[in-house]
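# Results of the structural survey
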Amino acid sequence: MEEKKEESKNKNVKKANLLDHNSIKHILDESVSDIVTSHGYKEDVRLSNLKLFLGAIIIVVALVAQFYNKKFPENRDFLIGCIALYPFYIRLIRVLILYTKEKNAILFTYPPQGSFTSTGLVVSSKLPRFSDEYTLTIDSADPKSISAGKSVQFTKSVTQWFTKDGVLVEGLFWKDVEALIKDYAKEEPKKKR
């Protein structure tokens, strides 16, 4: 009976390879997504769906080029057109989506239910290579909106959230991320005239 309890505790433990910064960042980003969505923010997956749709178009173009009815010398122009479309769609995905919209974002959200704000959040993070400084930023999904809050961020060492065995101390990390969410949600006090 005690073995089952111990096994269930170990299943919920998030463990990272402390020598691999990608492993550390992945676990922290996954935890941030869980924390933000637990605060009533629903994930906005429209951008991911757009990338999947553009990827499906690329696959359809490749399949049409592969299984076109005519043999090679006769379908030369058609193949050139299909080959020319491939880099166009790849650049469209990379430039328009990854570099302009996503950047370092790990989560896009809708505004919480019952909220007066009309914009969701963009949560982004950075963990530079050979550094232990993790930066978490919360921005408005639409910074030009009247209801957009100011950007908030923190930069802290990942060593305070992990044990020497690489286990994430979720309670400490949860408190830091919750404080950042509350800091973003905090309204500016209105000035009296």
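Residues numbered from 1 in each chain as written. Predicted model: local features only at pLDDT ≥ 70, side-chain atom pairs only at ≥ 80, totals over all residues. Heavy atoms only, no water.

Looking now at the sheet that holds strand S3 (residues 133-140). Pairing within the open sheet is antiparallel, and its four strands lie in the order S1-S2-S3-S4. Each edge of the sheet is formed by a strand with only one pairing partner; in this case those strands are strand S1 (105-108) and strand S4 (152-157). Shown here is a sheet whose adjacent strand axes are inclined to one another by a mean of 15 degrees, direction ignored. By the bridge criterion, six bridges tie S3 to S4 in an arrangement that is antiparallel. (Pairing = 2+ DSSP bridges. Helix = DSSP H or I, 4+ residues; strand = E, 2+ residues; numbered from the N terminus. Axes fitted to C-alpha atoms, helices over the stretch in contact; angles between N-to-C directions.)

Tracing the backbone shows lysine 14 in the loop between helix H1 (2-12) and helix H2 (21-38). Residue lysine 14 is classed as buried on the basis of its relative accessible area of 15%. (Buried < 20%, exposed > 50% of the residue type's maximum accessible area, 1.4 Å probe, protein only.)

With numbering matched to this structure, UniProt assigns "transmembrane region" (unreviewed entry) to residues 50-66 and 78-99. Between the first and last C-alpha atoms of residues 50-66 the distance is 24 Å; the span itself is 100% helix and 0% strand. (UniProt positions renumbered as here; feature names shortened; annotations may be inferred.)

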